[in-house]
Amino acid sequence: MTHRLLVALSASLFGALTAPLQAETLLCPGGEVTVKAPDDGSAAQVCELVEEVRPILAECGLEQEAPVSIHVVAEATHVAAPMVGSYAAGSNEIKLTHPDHLSDVILPDHPFARLAPDLTFQSLLVHELSHAFLDQAECTRERCVAEHEYVAYAMQLSVLPPEAREMLIGEYATDKTFGVEILNDFIAEADPLFFASRVWEHFSKPGNGCDFIRKIVSGEADLRLPPL
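A brief look at the structure comes next. Just so it is clear, the model here is predicted, and its values are computed rather than measured.

1. A closer look at the state of the cysteines
Working definition of a disulfide: a covalent bond connecting the sulfur atoms of two cysteines.
Here is step 1: Considering all chains together, one arrives at 2 disulfides under this definition.
Here is step 2: Each sulfur in the disulfide pair C28 and C47 lies 1.9 Å from the other. Its torsion about the S-S bond being -80°, the disulfide of C28 and C47 is classed as left-handed. One end of the pair, C28, is in the loop between β1 (24-27) and β2 (33-37); the other, C47, is in helix α2 (residues 40-59), with 19 residues separating them in the sequence.
Here is step 3: Given a relative accessible area of 5%, C47 falls into the buried group.
Here is step 4: Linked covalently through their sulfurs, C60 and C210 form a disulfide whose S-S length is 1.9 Å. An S-S torsion of about -50° defines the bridge between C60 and C210 as left-handed.

Put into structure tokens, the structure is as follows:
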């Protein structure tokens, strides 16, 4: 499920984001998303990307329930560590590293370094919006790390062209079968790309896809390990 319109939009976004840095805040059409970016042109492009992402997320049951703010910064941080993007639970606030600075944060040998900065930025936006929309969805219990990362990686990988997806997770491909129990909190935090590759394999199988994500959103499905 590759969404080519996003690729085209992200190309124009990257051009806008290379303008001189002067922070501007824009309320996107509809009043549900606020973007703070280096200039008003780049903020408007992020708004366009968000609107392009909405139906993709909605297809999998991920709907916005509260206002969200997006900050395009020189370096996104989470706690005390630099990251390419972040969303803190309950904050309704996303931070994304400016495409010009992604190479300062991503190690040269990391698979993300193989992607064009604009494509990386686009995929990170989808990842973090997925976290935000899932966080806003009502559920009967607290969600675990694995559920959040399953949803975020599945949606992030779904918008990438097949060749870009191969660059990120191709080396983890396997013909071996695996149980859903491998998609757990420990693996999600210990080896994110391995986890992402298994998420994509599971998500891509008949009967899973958006149906499985909708079950996570509703609380019908969870990825908790059984008690010892």
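2. Considerations on the environment of N92
Here is step 1: As for its placement among the helices and strands, N92 is situated in the loop between β6 (85-87) and β7 (93-97).
Here is step 2: As for N92 and H131, which are separated by 39 residues in sequence, their C-alpha atoms are 9.5 Å apart.
Here is step 3: When residues no more than four places from it in sequence are discounted, the contact partners of N92 are A66, P67, V68, S69, Y87 and Q136.
Here is step 4: Polar contacts involving the side chain of N92 include one to the side chain of Q136, which spans 2.8 Å.

What counts, and where the lines are drawn
Numbering of residues begins from 1 in every chain and follows the order in which that chain's sequence is written. A pLDDT threshold of at least 70 governs which residues receive local features in this predicted model, and a stricter bar of 80 or more applies before side-chain atom pairs are shown or counted, although totals over entire chains, interfaces and linings include all residues. Derived side-chain values reflect all non-hydrogen atoms in the structure, with water molecules and hydrogen atoms excluded from consideration. When the sulfur atoms of two cysteines come within 2.5 Å, that pair is taken as a disulfide. In DSSP terms, a helix is any run of H or I states spanning at least four residues, a strand is any run of E spanning at least two, and both are numbered starting from the N terminus. Summary of the burial criterion: residues with accessible area below 20% of their type's maximum are buried, those above 50% are exposed, and those between are partly exposed, where the area comes from a 1.4 Å probe applied to protein chains only. We call two residues in contact whenever any of their non-hydrogen atoms come within 4.5 Å of each other. Whenever a nitrogen or oxygen atom comes within 3.5 Å of another N or O atom, the pair is scored as a polar contact, on the condition that within protein one atom can donate a hydrogen and the other can accept it, and that pairs from neighbouring residues in sequence are kept only if both atoms are in side chains.

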